[in-house]
Amino acid sequence: MYVLVGGAGLVGLSLAQKLVELGHTVAIIDIDPTACRYAREQVGAMAFEGSAVSTEVLLEAGIRKADALAAVLRSDALNLAMVTLAKHYGVAHILSRLRHSDFAEPLRLAGANHVISTVELSVATMVNAIEYPQVESMMHFEQGQIEVLKLSIPNSCYVANRSVAEIAQDSKFPTGSLIIAYQPHPNEDLMIPNGSTVLEPGSTVLIVTKPGSLHQVIDFIEGCK
């Protein structure tokens, strides 16, 4: 994919780095010549010096051929302008960073497919780490309506050596929750389990659930025999 990134700050450069590592072609736009030079020499991205809300610069950077665009500029107003221009030039997939919640709806109306609040994500991650220290990682989808959590299976926990089918049929297993992936050992790949998959002690599972069921899921998985 050809991806345009507006803004060569920490988020923009980190995003570009990851996209380049994944094999995408990335072009960064920023007014800072030093940041642009870093993007070229250290990140391996193309870089265009100038305003990311200038039609001239955007056209030079190839916005007409961009498959995706990420607006991670220093202000919501600039991100809104870039999103509006990206929509005008027909970019199919548009993402924007959000700093202040007042801009969330305007960004969506302007054409952003995804509006991501880095502050909210950071706070949510830290809150989850405090409330659920046993959860290795947690992902949020659909504005927090769905949670995917990664949990290890301790030796003496309730579900150790039980099959996925047994767990799903247990009346204590929270309704609407589902085990979607299983990793037998840390050095093995995640696999999609079936009903006969047995959860071994020391293994790891990914479980999708509703936010209101998090405590129930954790209590169920970790409950001692």
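For clarity, every value in this text was computed on a predicted model and none was experimentally measured. Here the residue numbers are simple positions, counted from 1 along each chain's written sequence. In keeping with the predicted nature of the model, local features appear solely for residues at pLDDT of at least 70, side-chain atom pairs appear and are counted solely at 80 or more, and the whole-chain, interface and lining totals rest on all residues. Water and hydrogen atoms were dropped before computing side-chain values, which therefore reflect all heavy atoms in the structure.

Asks: Quick one: what's the story with the sheet that holds strand S5 (residues 93-98), residue by residue and with numbers?
Replies: Strands were regarded as paired on the criterion that DSSP finds at least two bridges between them. The secondary structure listing takes helices from DSSP runs of H or I that are at least 4 residues long and strands from runs of E that are at least 2 residues long, numbered from the N terminus. Read across the open sheet, the six strands follow the order S3-S2-S1-S4-S5-S6; overall the sheet is parallel. Strands at the two margins of the open sheet, each flanked by one partner only, are strand S3 (46-49) and strand S6 (114-117). Strand-to-strand twist across the sheet, computed as the mean angle between neighbouring axes with direction ignored, equals 15 degrees. Taken together, the four bridges between strand S1 (residues 2-6) and strand S4 (residues 68-71) define a ladder with parallel strand orientation. If you follow Gly6 over to S4, its bridge partner there is Ala71. The strands touched by helix H2 (residues 33-43) are strand S2 (25-30) and S3; relative to S3, the strand with the most contacts, the crossing angle is about 165 degrees. In this analysis, two residues are considered to be in contact whenever any of their non-hydrogen atoms come within 4.5 Å of each other. Think of each axis as a best-fit line through the C-alpha atoms, taken over the contacting stretch in the case of a helix, with angles from 0 to 180 degrees between the N-to-C directions. In this fold helix H4 (residues 76-88) packs onto S1, S4 and S5, with an angle of close to 175 degrees to the strand it touches most, S5.

Asks: An account of the domain arrangement of the chain is needed here, citing residue identities and associated values.
Replies: Domains are outlined according to an automatic or database domain assignment. Under the domain assignment, the chain is made up of domain 1 (2-118) and domain 2 (127-222). Relative placement of domain 1 and domain 2: their C-alpha centres are 36 Å apart.

Asks: Account for the packing of helix H1 (residues 10-21) against H2, with residues named and values stated.
Replies: Two quantities define a packed helix pair, namely the angle between the axes and the distance from one axis to the other. For the pair H1 and H2, the least separation of the axes is 11 Å and the interaxial angle reads 25 degrees. On the basis of the axis angle, H1 is roughly parallel to H2. Crossing of H1 over H2 shows right-handed handedness. Taking contact as the criterion, the partners of Leu13, Ala16, Gln17 and Val20 in H1 are, on H2, Ala35, Tyr38, Ala39, Gln42 and Val43. For this scheme, ten residues count as nonpolar: Ala, Val, Leu, Ile, Met, Phe, Trp, Tyr, Cys and Pro. Four count as charged, namely Asp, Glu, Lys and Arg, and the remainder, Gly too, count as polar. Residue classes in the contact of H1 with H2 are distributed as seven nonpolar, two polar and no charged. Roughly parallel refers to an angle under 35 degrees, roughly antiparallel to one over 145, roughly perpendicular to one between 65 and 115, and oblique to any angle outside these ranges. Crossings are assigned a handedness: left-handed for a near helix turned anticlockwise from the far helix by less than a right angle, right-handed for a clockwise turn.

Asks: Give me the UniProt feature "domain: RCK N-terminal" (unreviewed entry) in the chain: which residues, what numbers.
Replies: UniProt positions are given in the numbering used here, feature names are shortened, and annotations may be inferred rather than shown by experiment. Under the feature "domain: RCK N-terminal" (unreviewed entry), the UniProt entry names residues 1-117. Along residues 1-117, the helical share is 42% and the strand share 25%, with 24 Å between the first and last C-alpha atoms.

Asks: So what's going on with the side chain of Asp76? Residues and values would help.
Replies: For Asp76, the location among the structural elements is in helix H4. Only protein chains enter the accessibility calculation, which uses a 1.4 Å probe; a residue whose area is less than 20% of its type maximum is buried, one above 50% is exposed, and one in between is partly exposed. For the purpose of counting charges, residues Lys and Arg are taken to be positive, whereas Asp and Glu are taken to be negative. His and the chain ends are not included. Any Lys or Arg side-chain nitrogen located within 4 Å of an Asp or Glu carboxyl oxygen qualifies as a salt bridge. Buried and unpaired, Asp76 has Arg99 as its nearest opposite-charge partner, separated by 5.4 Å. By the criterion applied in these results, polar contacts are pairs of N or O atoms within 3.5 Å in which, for protein atoms, one can donate a hydrogen and the other can accept it, and in which residues neighboring in sequence qualify only through two side-chain atoms. A distance of 2.8 Å separates a polar atom in the side chain of Asp76 from the backbone nitrogen of Arg99.

Asks: Help me get a handle on the pattern of salt bridges, residues and values and all.
Replies: Tallying each qualifying case throughout the model produces two salt bridges. Across the pair Glu21 and Lys18 runs a salt bridge whose closest N-O atoms are separated by 3.6 Å. One end of the pair, Glu21, and the other, Lys18, are both in helix H1, three residues apart, so they sit about a helical turn from each other. Looking at Glu21, the relative accessible area reads 52%, which means it is exposed. Look at Lys18 and you get partly exposed, because its relative accessible area is 48%. Across the pair Asp170 and Arg162 runs a salt bridge, and its minimum N-O distance is 3.2 Å. Just as Asp170 is buried, Arg162 falls in that class too.

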